[in-house]
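# Fold and contact review
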Amino acid sequence: MVEINRMGVIGAGQMGSGIAQLAALNGVDVWLHDSDVEALTRARNSISKNIERQVSKGHLTQDVAHNALRRLRCTCNLEDFGSVDLVVEAIVESEDVKKNLFVQLDKIVEGSAILASNTSSISITRLASATTRPSQVIGMHFMNPPPVMKLVEIIRGADTSDDTYQATRCLAERFGKTVICSNDYPGFIVNRILMPMINEAFYTLYTGVASKEDIDTGMKLGTNHPMGPLELADFIGLDVCLSIMKVLHIGLGDSRYAPCPLLVQYVDAGRLGRKRGIGVYDYNTEQKETKSSPRL
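In short, a report on the structure. Small disclaimer: the values here were computed from a predicted structure and weren't measured.

Moving on to the overall build of the protein chain. The helix and strand tally for the protein chain stands at 12 helices and 8 strands. Here the protein chain has a C-alpha radius of gyration of 20 Å; the compact-globule value for 296 residues is 19 Å, and the two agree. Projected onto the principal axes, the alpha-carbon positions of the protein chain cover approximately 55 × 55 × 35 Å. Expressed as a percentage of the 296 residues in the protein chain, the buried residues total 46%.

Written out as structure tokens, the structure reads:
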């Protein structure tokens, strides 16, 4: 079984930077890659602030924080991943883009290295088919935000070996995560259940059953969910929700997984959620109201 001491993370967004932070804090040397230098700078600054915040709260010592930041390297060059034991990609939720990346990585990383995907729904078997090492390809799906959420969903492709699974599981547990394992079916476990609920919330809004506020309040107080489904969709990103619903609809061939037209319309309009400042809710208005509200 491969022991993971050196790790690469591709994508310096919220997911990728969170995974890199976890690795650095848990004794793994980590290279964080992005083609955008500014994205890497933002990620490095965000990771530093998050770690320092934990120091100020007494959750980490200054020595632990210093060593973690020393383990983190940022790069725009995939060739720097030549000596890593595992790479996890956290890039756009597109099968073609991920496959193209895996083709490149397959030529760069050592023959023993594991290629992992943080995909929310895309077939691990199909991603593995783009490589010469399908037994060493696996899904390692962190929940958002990775440093906070306790779950990692591991997905075995058709050819994923037991050694690859065990090494990936050990790494997730080293990060302090609880692991669940899914077979390679559309949506896996979490999104197979979650996304149809979010989609149904959009249908409930679309057909005029209730306001967005009442839909979210009903699910929060009626079912003890920490966030309402529409609020959660904004947090995840409406484009991501739509992509997953399309995977479910095509992969399962059932009309009940058809994306709600309202969800499609919002994405077409660029209303992608919190990351764009507007989705189901308008966060720009919310911020203005907060700033203008008197402090009591």
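The calculated volume of the largest pocket comes to roughly 1200 Å³. Lining the largest pocket are 40 residues, and of these Met15, Ser120, Asn144, Ile236 and Val240 sit closest to its centre. If you list the elements that add at least two residues to the lining of the largest pocket, you get helix H1 (14-25), strand S6 (137-142), helix H7 (190-206), helix H9 (229-236) and helix H10 (238-252). With 6 residues, H10 is the single largest residue contributor to the lining of the largest pocket.

Taken as a whole and assessed by the stated rule, the structure comprises 12 salt bridges. One salt bridge connects Glu93 with Lys98, and the closest N-O pair in it is separated by 3.7 Å. Side by side, Glu93 and Lys98 carry an identical accessibility label, which is buried. With a closest N to O distance of 3.4 Å, Glu95 and Lys99 form a salt bridge. Here Glu95 pairs with Lys99, and both are found in helix H4 (residues 95-108), just 4 residues apart, close to one helical turn.

A separate point is the nonpolar core. Core analysis: the largest hydrophobic core is formed by 40 residues, its most contacted members being Met7, Val9, Leu32, Leu86, Phe142, Leu171 and Phe175. If near-sequence neighbours (up to four positions away) are discounted, Phe175 is found in contact with Met7, Leu22, Ala23, Asn26, Val28 and Phe142. Among the nonpolar cores identified, the runner-up in size contains 27 residues, and Phe202, Leu232, Ala233 and Val280 belong to it.

Aromatic ring pairs are defined here through the distance separating the ring centres and the angle between the ring planes. Here the structure, examined in full by the defined rule, presents 3 aromatic pairs. Here Phe202 and Tyr266 contribute two aromatic rings whose centre-to-centre distance is 6.3 Å and whose plane-to-plane angle is 80°, an arrangement assigned as edge-to-face. Pair noted here: Phe202 is in helix H7 and Tyr266 is in helix H11 (residues 261-268), with a separation of 64 residues, a long-range link. Among the residues examined, Tyr266 registers a relative accessible area of 13% and is labelled buried. Considering the side-chain rings of Tyr203 and Tyr206, the 6.4 Å spacing of their centres and the 65° angle between planes classify their relative orientation as edge-to-face. Of this pair, Tyr203 and Tyr206 both sit in helix H7, 3 residues apart, which is roughly one turn of the helix. Seen from the ring of Tyr266, Arg271 lies directly overhead, with NZ or CZ sitting 4.5 Å from the centre.

To continue, consider the pairing of strand S4 (residues 86-89). Where burial is concerned, the two faces of S4 agree: the one with Leu86 and Val88 and the one with Val87 and Glu89 are both buried. Two elements, strand S1 (residues 6-10) and S4, share 4 bridges in a ladder whose sense is parallel. Within S4, the residue paired with Met7 across the bridge is Leu86. With H4 bridging S4 and its parallel neighbour strand S5 (residues 114-117), the resulting β-α-β unit is right-handed.

Helix length check: helix H2 (residues 37-56), at 20 residues, gives a terminal C-alpha distance of 29 Å against a target of 28 Å (1.5 Å per residue), a fit within 8%. Among all positions in H2, only Ala39, Leu40, Ala43, Ile47, Ile51 and Val55 are buried. Along the axis of H2, the buried residues cluster in a sector spanning 150°; they form a single face. Projecting away from the buried face of H2 at angles above 90 degrees are the exposed residues Glu38, Arg42, Lys49 and Ser56.

Another point: the sheet that holds strand S7 (residues 151-156). Within a beta sheet, neighbouring strands are joined by backbone hydrogen bonds and run either parallel or antiparallel to one another. The 8 strands are arranged S3-S2-S1-S4-S5-S6-S7-S8 in an open sheet whose pairing can be described as mixed. If you trace the sheet from one side to the other, it starts and ends with strand S3 (72-75) and strand S8 (178-183), each paired once. Within the sheet, the average angular offset between the axes of one strand and its neighbour, ignoring direction, is 25°. Across the sheet, H2 is in contact with strand S2 (29-33) and S3; its angle to S3 comes to roughly 165°. Across the face of the sheet, helix H6 (residues 162-174) comes into contact with S1, S4, S5, S6, S7 and S8 while running at roughly 20° to S6.

Criteria and thresholds
Residues numbered from 1 in each chain as written. Predicted model: local features only at pLDDT ≥ 70, side-chain atom pairs only at ≥ 80, totals over all residues. Heavy atoms only, no water. Helix = DSSP H or I, 4+ residues; strand = E, 2+ residues; numbered from the N terminus. Rg over C-alpha atoms; globule rule 2.2 N^0.38 Å. Buried < 20%, exposed > 50% of the residue type's maximum accessible area, 1.4 Å probe, protein only. 1 Å grid on protein atoms, 1.4 Å probe; cavity = no way out; pocket = protein on both sides within 12 Å on 5 of 7 lines; lining within 4 Å. Points joined across faces, edges and corners; volume = space filled by probe spheres on them. Salt bridge = Lys/Arg side-chain N within 4 Å of Asp/Glu carboxyl O. Core = buried A, V, L, I, M, F, W, Y, C linked by side-chain atoms within 4.5 Å. Contact = heavy atoms within 4.5 Å. Phe/Tyr/Trp six-rings, centres within 6.5 Å; stacked < 30°, edge-to-face > 60°. Lys NZ or Arg CZ within 6 Å of the ring centre and 35° of its normal. Pairing = 2+ DSSP bridges. Right-handed = clockwise from strand over helix to strand, strands pointing away. Expected span 1.5 Å × (residues − 1). Arc of directions from axis to C-beta. Axes fitted to C-alpha atoms, helices over the stretch in contact; angles between N-to-C directions.

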